[in-house]
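Fold and geometry: a report
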Amino acid sequence: MYCKNCGNELNENAVACMSCGFAKGDGSKFCANCGKEVNPGAAICTNCGAAVTAKAAAGGEQKSKLVAVLLAFFLGSIGIHDFYLGYTKYGIIKIVLTVCTGVGGGIWALIDFIRLLTGSLDKDANGVELKKEF
Ligand SMILES: [Zn+2]
Ligand SMILES: [Zn+2]
């Protein structure tokens, strides 16, 4: 395990790099697997093939925050934004709530809508950060 910001070798139990202060797993300049410098913005390490970015590590495309916000606003009561972001379970619960109570799913969707706008909900179910268009 190496610091992704400065390439310093890290103890397995360390939570942050003692040399630069970055949290373990933060940064994108060095490979966490082999400690070799990687090209800025590279998805994988050209030396060992390990994933460098969260996007590559999760193996997923970044979902659009704008699409998620619009889906939450217009179709949120039946959880379409949850299905879009991969939170299938929450989507199904919203459908059940909406069918059973009429409004339950809609209130929850409104909360999701606000959380998306304020940035407190900024990852999909795979932990991949949402693309910010606004
Ligand atoms: Zn460091
Ligand atoms: Zn590597």
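Here, every reference points to the structure presented above.
Report follows, based on the coordinates.

Rules behind the numbers
Residues numbered from 1 in each chain as written. Chains lettered and ligands numbered in written order. Predicted model: local features only at pLDDT ≥ 70, side-chain atom pairs only at ≥ 80, totals over all residues. Heavy atoms only, no water. Helix = DSSP H or I, 4+ residues; strand = E, 2+ residues; numbered from the N terminus. Rg over C-alpha atoms; globule rule 2.2 N^0.38 Å. Buried < 20%, exposed > 50% of the residue type's maximum accessible area, 1.4 Å probe, protein only. Contact = heavy atoms within 4.5 Å. Donors = N, O, S within 2.8 Å, 3.2 Å for Na, K, Ca; no water. Tetrahedral: all angles 85-135°; square planar, octahedral: opposite > 155°, others 65-115°. Polar contact = N/O pair within 3.5 Å; in protein donor to acceptor, adjacent residues only side chain to side chain. Expected span 1.5 Å × (residues − 1).

Some words on the overall build of the chain
Within the chain, the regular secondary structure consists of five helices and zero strands. Order of helices (α) and strands (β) in the chain, N terminus to C terminus: α-α-α-α-α. Its C-alpha radius of gyration of 19 Å places the chain more than 25% over the 14 Å reference for a compact globule of 134 residues. In terms of its C-alpha atoms, the chain occupies a principal-axis envelope of roughly 55 × 25 × 25 Å. Of all 134 residues assigned to the chain, the portion counted as buried reaches 30%.

Structural notes on the environment of Leu-130
Along the chain, the position of Leu-130 falls in the segment after α5 (104-118). Considered as a pair, Leu-130 and Gly-106 are 24 residues apart in the sequence and their alpha carbons are 22 Å apart. Excluding residues that lie within four positions of it along the chain, Leu-130 makes contacts with Gln-62, Lys-63, Lys-65, Leu-85, Leu-116, Leu-121, Asp-122, Lys-123 and Asp-124.

Some details on the coordination of the zinc ion (ligand 1)
The protein atoms that coordinate the zinc ion (ligand 1) are Cys-3 (SG), Cys-6 (SG), Cys-17 (SG) and Cys-20 (SG), at distances of 2.2 to 2.3 Å. Taken together, the four donor atoms coordinating the zinc ion (ligand 1) span angles of 104 to 120° at the metal, a pattern that classifies the geometry as tetrahedral. As a motif over one chain, the donors of the zinc ion (ligand 1) read C-x2-C-x10-C-x2-C. With Cys-6 in the segment before α1 (54-58) and Cys-17 in the segment before α1, the pair connects residues that are 11 residues apart, well separated along the chain.

Things to note about the coordination of the zinc ion (ligand 2)
Four donors placed tetrahedrally around a metal ideally meet at 109.5 degrees, and six donors placed octahedrally ideally meet at 90 or 180 degrees. Coordination of the zinc ion (ligand 2) by the protein involves Cys-31 (SG), Cys-34 (SG), Cys-45 (SG) and Cys-48 (SG), with metal-donor separations of 2.2 to 2.3 Å. Classification of the site at the zinc ion (ligand 2) as tetrahedral follows from its four donor atoms and the range of 104 to 119° in their angles at the metal. Spacing between the donor residues of the zinc ion (ligand 2) along their common chain follows C-x2-C-x10-C-x2-C. Pair noted here: Cys-31 is in the segment before α1 and Cys-45 is in the segment before α1, with a separation of 14 residues, a long-range link.

Focus on the side chain of Asp-112
Tracing the backbone shows Asp-112 in helix α5. For Asp-112, a relative accessible area of 3% puts it in the buried group. Looking at Asp-112, its side chain comes within polar contact range of the side chain of Lys-94, at 2.9 Å. Setting aside its immediate chain neighbours within four residues, Asp-112 contacts His-81, Asp-82, Lys-94 and Leu-121.

Considerations on α5
With 15 residues, α5 should cover 21 Å at 1.5 Å per step; its first-to-last C-alpha distance of 22 Å lies within 8% of that length. Every buried residue belonging to α5 is among Gly-104, Gly-105, Ala-109, Asp-112, Phe-113 and Leu-116, and all of these are buried. Contacts made by the buried residues of α5 are with α2 (65-75), α3 (80-85) and α4 (88-101). Where α5 terminates, the next one or two residues include Gly-119, which has phi positive at roughly 90°.

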